[in-house]
Structure formats: structure tokens, C-alpha cells
Amino acid sequence: MAKRRVAIVGTGQTHHKSHRPDVSGRELIYEAVTRALEDADLSIKNIDAIIIGNMDHFEGINYVDCWSIDGSGGYHKPVIKLTTGGTTGSTLAIGGYHFVASGMFDKVLIIGWEKNSESDTTGAITTAFDPVWDRLVFAGAISGLAVEAQSYMAKYGATDRDGARVSVRDRKHACNNPYAQLRKEVTLEEVLASPMLADPIHLLDVCPRTDGACAVIMASEDYAEKITSTPDWIWATANRHKYTYLGDVNWGELDSMAEASRDLFKKCGITEPRKQIDVIEMYQPYSFAGIIWIEDMGIVPRGKGAEYIWSGATDMGGELPINPSGGVIACNPIGATGLIRCAEAALQVMGKAEARQVPDVNFAVSTGFGGCMWTDMLLHGKKKPNL
Amino acid sequence: MENIEYIIIESGKAVQPFNYSVGMYGSKFFYELKNNRKFLGVQCPKCKKVYVPPRRVCGDCFVEMKEFVEVGPKGTIGTFTILRFAFIDPETGTQKPIPYGYGFIKLDGADTLFQHYIDVHDESKVKIGARVEPVFSDEKKGTIKDILYFRVID
């Protein structure tokens, strides 16, 4: 358990784009960092430690903790790099929480970033998997997600139209978010008519490649309320890794999310997530996950995900809006993506989400997804958590 | 400054070869595949799960496994997709030929799924639950490529 309370007191993002040839990686990082400092009204001198991460495969450059110092503000400070594939951003957030909750540091700057334009995304993701057993047929994230969707559809009879409905939702929500890369509404028919990438995933079902960075500042209770009148309190975090090879996965259900959710909700006394949680920022890299993973999270029973999506409950103004930011389908700078979910959940709790604000948010959930189908989760709250 | 053209520096065709150990378990699997065209799995003494490819430790139970069992060669499609978009294969540095069938095969007697190509010559036959068999390469190298692909049995 945490030794003391931790809150997010500031966030910053770049305006995410498919290609940022105007900046190097460290300059991209600098943009997010300065925005987060400005948001919290802090100077880099106030920061005690920095946690930074990305997925090295995409740029083919290791040790970002070293070479980004002039962008991160890490000059003569403790800097640690964390990288866990797709979950990198959410792992960074959990690491930052641990840093502050443990009592080791009071104000921590957390940075996630990626320049996906610098390599072939699918080729780079494939290098994250076992060279002897997994790589021959694997085709990056889309292939893994496609087999999950096929398996779910065979079990529960969902259709590609159900998936498309999720994509329509997120792409509509993205129009309210000035930082999202893709801000254009689409229709169900447009999703279904877009090119088939890997059955049953169409081009418009899936996330784009993005250049972008995100920074989040966490502070201990002693400082948080002095920095901001609306801190976003981190109630708890949970994370689960399960598999070795892709063939070990229980395809069609995200076991890691089911277990992480149980852990997270138990720690916080959440017994009816659908009623108690006000908004979710889910690391949902493709549309079908919007159906499957809310079942794993315990929002709806098995096989009922599509029905819940069609009811409009997860749209803005619905019972439980999901991805007011437009989510990952609208923007995916991979090493930043999980941290953007965390930052967006914080904005919702702090009441700073502007056009994408959900009214009266007491509890928000942010998630991370990656690698061999593993999960990170954070519960954010307006009130202080019990210790 | 405003009118400057942004410059991109290309790495060129960088190549860095690796030499991967497959260990005793992987070596046994590839020996049997190459010489006897058999598939080897390994069984956990505690949970009795049969893993393919064989490996030293059952991750769920965190115990060592020593009981090799023959599985397959026939099996059932556990799940699959058909890849239709072009991407760079990091193993070759060139574009992967598409479309191709990407299968997760439940080899008879195994509890985990074995990944390989599935023949998509007739896409209508490729379904979850369909029975499949391996088609082997004439060349015996002792790698995963000794299997060309799996095909649906009529």
C-alpha cells in the first residue's frame, strides 16, 4: 500500500501529428514538458526526479534517458527510463506514483513520447516478439488484435458492424480534442468500406501512426494542494502480465484486464463499476476492443459489450462515456499513448477537459495495453483516497 | 527560419545479425521436426498443461517441466486472420508477401496454440474449428520454416 497520497497536478501534450519533421525527438519532448510545467505553474527547478520512456524499436535509438536531457529538463537530476512496449505510458504513470507514494520524491515529472514516423511501425513492433517462435507469421499489433476479434466474434456472434460503431464513437469524440491527430467524423458505412487490413479489421477500425509526447507531474499531498486547487488523486494502480508466447494467449478475452480490474476495484471499494465510475480513458487501439474489454473490466456481462455500445451509454452524454478524447483510434504515439490516457483522465477529474469534459467526474479510470496482451490500470478520483 | 526545408537523414539498409539460443527444449523440438517430422510439446507436472513450443518452465505454476510428449501433427484452427496490408518484415528487410493466412493451431494433444501460416487458397474453408495438417518443406533445416504452412483438411 501507498505510504502517502499522490495527485496529478499538471499535464501537457503536443499537438499530435502523423509526422513532425520540424522537431527531433528531444525537441518534441521539450514541448510536452514545458506545457506540463506551465499547467502546474512550476519551474523545472521544482522537479525532484524524472521518469521517461518510449518504445526504442520505433526510432532504433536506445537510452532516451541520456540523450534527451536538454528536452526533458533532467540535467543533474535523477532520471529513470521505463519501457514496457504498448503499456510504456501507463507504466510510466504507475512508476511515478510509486516514486511519490513511497516518500522518496515529492514532485516527479513523467514523460512518454514516440516518433512513429521514423520507422515502419509494424516491422518495429514485430521485433518486440520472440525471433524463433513468434516472428515468422506475426505482423505487428494489427495481426494480434485481428485474431482476438475473430475469436471473440466466433464465441459471441458479434459483427464487424458492432466494431465499426465503436470507431464511429471515438472518431466523433476526437473532434472535441484539439490535441488529437485525426479529427474527422466517419459513418458506419465508411468504416465498413475502408480497406481490410487483417480480417476483420478495416483501416478505420484501427489506430494511426503518430508523432507526439505527453508529460504529467505528480506531487505528494504536502505539495499537491498548494500547486492546484483541483488535484487529481491517484486512488490505486494495478497491472498484470501473463504470457510468454502469443500462442499461450486465451484469445477473445483479455485475462490481464479482468484480473487488473478486480485488483484495482477491490483496493478502492468499487463494487459497481458501471455506476461508480464516471468516465474511462481506455488504451483501445482498435474498435473491437471497445466491446471486448469493457466485458473484461466488469462494466457489462460477457457477450453484452456490443449491446451496451449500441445503446449510446458510452457516448458523450451517456451513462459512462468512454474516450472523450477520441482515444487511441484518433491518435497513437505509442510510448506516450498510455500516459495520454492518464493525463486525459486527470483533466476530467480536474474539470479542465474543456469541450470534451464529462460533467461531475468523481472517478475516472485510465488504462494501458501492450505486448502479450497485458494491462495497466489507474483509478483517479476527485476526493482524497483513504490510506 | 520559416522557409527552411526539413531534412530527414536515412539510416540506409542497416543490418545487424543475431545468434539466438533456443536451449535444450527448443533444440529437441527442432531435432524431432527436422529428422522425424514430429512435433514435441512438454507437460507441466503440476497443472498437466501441454505446452508447444516446449519450454523449461510452466509460467503459471513456476515449476520446471521435463515430460516431453508428442503432439499433432494434425490440429484445429484456434483463431486466425488473413493479412492483407503491406509491411516491412524485420527478418528480411523487405515487404512481406500478402495476402497470407496467419493461424493459431491447436495441435492435437496440446493446450497452447502453435503459430504458423495457413493456406488461404480457398478462404471459405478457413474457419475457427476447421481441421488442419502441416505441409513440410523438402529442405530440412531444423527451423520453423521446415513447415511451409498448415492446410485445411477437406
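Preceding block: the structure.
Residues numbered from 1 in each chain as written. Chains lettered and ligands numbered in written order. Predicted model: local features only at pLDDT ≥ 70, side-chain atom pairs only at ≥ 80, totals over all residues. Heavy atoms only, no water.

*Asks:* In this structure, what is going on with the state of the cysteines? I would like to understand it.
*Replies:* Disulfide: a covalent bond connecting the sulfur atoms of a pair of cysteines. According to the stated counting rule, one finds 0 disulfides over all chains in the structure shown. Counting only cysteine sulfurs, C331 of chain A is the nearest neighbor of C175 of chain A, a cysteine outside any disulfide, at a range of 13 Å. A disulfide-free cysteine, C372 of chain A has its sulfur positioned 16 Å from the sulfur of C58 of chain B, the nearest such atom. (Disulfide = S-S within 2.5 Å.)

*Asks:* Can you help me understand the pattern of salt bridges in this one?
*Replies:* Taken as a whole and assessed by the stated rule, the structure comprises 34 salt bridges over all chains. Put simply, E31 of chain A and R20 of chain A hold a salt bridge, and the shortest N to O gap is 2.7 Å. Pair noted here: E31 of chain A is in helix α1 (residues 25-40) and R20 of chain A is in the loop between β1 (6-13) and α1, with a separation of 11 residues, a long-range link. Overall, the relative accessible area of 9% leaves R20 of chain A in the buried class. As a salt-bridge pair, D199 of chain A and R84 of chain B come within 2.7 Å of each other at their nearest N and O atoms. With D199 of chain A in the loop between β5 (196-198) and β6 (201-202) and R84 of chain B in the loop between β6 (75-83) and β7 (88-89), this residue pair bridges two chains. Since its relative accessible area comes to 14%, D199 of chain A is described here as buried. (Salt bridge = Lys/Arg side-chain N within 4 Å of Asp/Glu carboxyl O. Helix = DSSP H or I, 4+ residues; strand = E, 2+ residues; numbered from the N terminus. Buried < 20%, exposed > 50% of the residue type's maximum accessible area, 1.4 Å probe, protein only.)

*Asks:* Help me understand the interface of chain B and chain A in this model?
*Replies:* Reports of interface size often rely on the accessible area that becomes lost once the parts have come together. The partner chain A presents 35 residues to the 32 residues of chain B that form the contact. For the chain B and chain A pair, buried surface summed over both sides reaches about 3,100 Å², with 68% attributable to carbon and sulfur atoms. Inspection of the region where chain B meets chain A yields 2 salt bridges. One salt bridge in this structure joins R55 of chain B and D248 of chain A, with 3.0 Å as the shortest N-O distance. For the pair chain B and chain A, the interface holds 13 residue pairs in polar contact (both at pLDDT 80 or more). Every element with two or more residues in the side of chain B that touches chain A is listed here: α1 (23-36), β6, β9 (100-107) and β10 (114-118) of chain B. Among the elements that line the side of chain B that touches chain A, the one with the most residues is β6 of chain B, at 5 residues. Here the side of chain B that touches chain A is built from residues that sort into 21 nonpolar, 6 polar and 5 charged. (Contact = heavy atoms within 4.5 Å. Buried area = accessible area lost by both parts, 1.4 Å probe. Polar contact = N/O pair within 3.5 Å; in protein donor to acceptor, adjacent residues only side chain to side chain. Nonpolar A, V, L, I, M, F, W, Y, C, P; charged D, E, K, R; others polar.)

*Asks:* Could you clarify how one ought to interpret the layout of surface pockets in this entry?
*Replies:* It is a probe the size of a water molecule, rolled over the atoms, that shows where empty space is left. For the largest pocket, the calculated volume is near 2,100 Å³. Lining the largest pocket are 44 residues, with H57, G60 and S119 of chain A together with S11 and A14 of chain B sitting closest to its centre. Listing elements by their share of the lining of the largest pocket, those giving two or more residues are α1, β4 (107-115) and α5 (121-126) of chain A. The leading source of residues in the lining of the largest pocket is α1 of chain A, at 3 residues. Of the residues belonging to the lining of the largest pocket, the class tally is 18 nonpolar, 14 polar and 12 charged. Of the volumes computed, that of the second largest pocket is approximately 790 Å³. As for the second largest pocket, its lining consists of 40 residues, of which T121, I125, A141, I142 and I334 of chain A are closest to the centre. (1 Å grid on protein atoms, 1.4 Å probe; cavity = no way out; pocket = protein on both sides within 12 Å on 5 of 7 lines; lining within 4 Å. Points joined across faces, edges and corners; volume = space filled by probe spheres on them.)

*Asks:* Is there a simple way to explain the nonpolar core in this structure?
*Replies:* Generally speaking, nonpolar side chains in soluble globular proteins are found buried as a group. If you look at the biggest cluster of nonpolar residues, it comprises 97 residues, and the most contacted ones within it are I217, I280 and Y286 of chain A. Those residues within four positions of Y286 of chain A in sequence are excluded, and the remaining contacts are L145, E148, A149, I201, D205, V206, I292 and I329 of chain A. (Core = buried A, V, L, I, M, F, W, Y, C linked by side-chain atoms within 4.5 Å.)

*Asks:* Can you walk me through the packing of helix α4 (residues 88-101) of chain A against helix α14 (residues 334-350) of chain A in this structure?
*Replies:* All names here are of chain A. It is the contact of α4 with α14, at a shortest axis distance of 5 Å, that shows an interaxial angle of 55°. With respect to α14, the element α4 is oriented oblique. Along its contact with α4, which presents T88, G89, S90, L92 and A93, the element α14 presents G335, G338, L339 and C342. (Axes fitted to C-alpha atoms, helices over the stretch in contact; angles between N-to-C directions. Parallel < 35°, antiparallel > 145°, perpendicular 65-115°, else oblique.)

*Asks:* Looking at this structure, how should I read the pairing of strand β11 (residues 131-136) of chain B?
*Replies:* The side chains of a regular strand alternate between both faces of the sheet. Residues and elements named next belong to chain B. Alignment of β6 against β11, held across 2 bridges, turns out to be antiparallel. Within β11, the residue paired with T76 across the bridge is R131. Of the pairings in the sheet, the one linking β11 to strand β12 (residues 147-152) comprises 5 bridges and is antiparallel in character. Each bridged residue has a counterpart across the sheet, and for E133 the counterpart in β12 is R151. (Pairing = 2+ DSSP bridges.)

*Asks:* Honestly, unusual backbone geometry in this entry has me stumped. Any pointers?
*Replies:* Glycine aside, the phi torsion of most residues is negative, and most peptide linkages are trans. Between V52 of chain B and P53 of chain B the backbone carries a cis peptide bond, its omega angle lying at -5°. Cis geometry marks the peptide bond from I98 of chain B to P99 of chain B; its omega dihedral reads -5°. Within the element layout of this structure, P99 of chain B appears in the loop between β8 (94-95) and β9. A positive phi angle, near 60°, is found at H76 of chain A, a position not held by glycine. Note on placement: H76 of chain A falls in the loop between α3 (69-72) and β3 (79-81). A residue is classified by how much of its surface remains accessible, and H76 of chain A, at 73% relative accessible area, is exposed.

*Asks:* It is not clear to me how the sheet that holds β4 of chain A should be interpreted in this structure. Could you clarify?
*Replies:* Two modes of strand pairing occur in sheets, parallel and antiparallel, and in both the strands are linked by backbone hydrogen bonds. Residues and elements named next belong to chain A. One open sheet accounts for 9 strands, arranged β3-β2-β4-β7-β1-β8-β11-β10-β9; its pairing is mixed. Taken across any chain shown, the strands that pair with only one partner, and hence form the sheet edges, are β3 and β9 (279-281). Sheet twist, expressed as the mean angle between neighbouring strand axes with direction ignored, is 30°. As paired strands, strand β8 (residues 232-240) and strand β11 (residues 374-381) are joined by 7 bridges and run antiparallel to one another. Counted as the bridge partner of A236 is L379 from β11. Packed on one face of the sheet, α1 meets β1, β2 (49-53), β4 and β7 (211-220) and runs near 130° to β1.

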